[in-house]
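So the chains spell out like this:
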Amino acid sequence: QVQLVESGGGLVQAGGSLRLSCAASGRTFSFYVMGWFRQAPGKEREFVAAISRSGGSTFYPDSVKGRFTISRDNAKNTVYLQMNSLKPEDTAVYYCAARRASLLSTAATEYDYWGQGTQVTVSS
């Protein structure tokens, strides 16, 4: 089992940057594809980024491509989400998730473990 704890959320002005971190427990972090999702009030959970077990492959939806970067440090059991050029529509609770599989996925239902979330608020 994997426990995930996000940190790094907060309030930022439009155009600013934040870096989210997600620390994972356990010794098998490198066995998991990692993803970031977000959920705004009244909206469904939305895929934001995914990274392969080695960190060599990443995937983003068009809404964040070029602005967000996912990375991981398997030695530290941590995955990151660097968010630049933030927009008010990026405001949401951000969750990291772990998927015990080799393929990346954009579907929340295909992730096995979730963190508790961290709030990101972007003011205009």
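Located above this text is the structure these notes cover.
Attention in this report is confined to the structure presented alongside it. (Residues numbered from 1 in each chain as written. Predicted model: local features only at pLDDT ≥ 70, side-chain atom pairs only at ≥ 80, totals over all residues. Heavy atoms only, no water.)

**Points about the packing of aromatic side chains**
And step 1. Inspection of the entire model under this criterion finds 7 aromatic pairs.
And step 2. Ring geometry for Tyr 95 against Trp 114: centres 6.4 Å apart, planes inclined by 75°, an arrangement best described as edge-to-face. Here Tyr 95 is found in strand S9 (residues 92-99), whereas its partner Trp 114 is found in strand S10 (residues 113-114), with 19 residues between them in sequence.
And step 3. Taking relative accessible area as the criterion, Trp 114 reaches 27% and is therefore assigned partly exposed.
And step 4. Each residue in the set Phe 37, Phe 47, Phe 59, Tyr 95, Tyr 111 and Trp 114 is aromatic and connected to the rest through ring pairs, giving one cluster.
And step 5. Its guanidinium or amino end placed over the ring of Tyr 95, Arg 45 lies 3.9 Å from that ring's centre, counting from NZ or CZ. (Phe/Tyr/Trp six-rings, centres within 6.5 Å; stacked < 30°, edge-to-face > 60°. Helix = DSSP H or I, 4+ residues; strand = E, 2+ residues; numbered from the N terminus. Buried < 20%, exposed > 50% of the residue type's maximum accessible area, 1.4 Å probe, protein only. Lys NZ or Arg CZ within 6 Å of the ring centre and 35° of its normal.)

**Details of the nonpolar core**
And step 1. Of all hydrophobic cores here, the largest spans 29 residues; its most connected members are Trp 36, Leu 81, Met 83 and Tyr 94.
And step 2. Broken down by secondary-structure element, the contributors of at least two residues to this core are strand S3 (18-24), strand S4 (33-39), strand S5 (46-51), strand S7 (68-73), strand S8 (78-83), S9 and strand S11 (118-123).
And step 3. Excluding residues that lie within four positions of it along the chain, Leu 81 makes contacts with Leu 18, Arg 19, Leu 20, Trp 36, Val 48, Ala 49, Phe 68, Thr 69, Ile 70 and Tyr 94.
And step 4. Within the second largest apolar cluster, 6 residues are counted, among which are Phe 37, Ala 50, Ala 97 and Tyr 111. (Core = buried A, V, L, I, M, F, W, Y, C linked by side-chain atoms within 4.5 Å. Contact = heavy atoms within 4.5 Å.)

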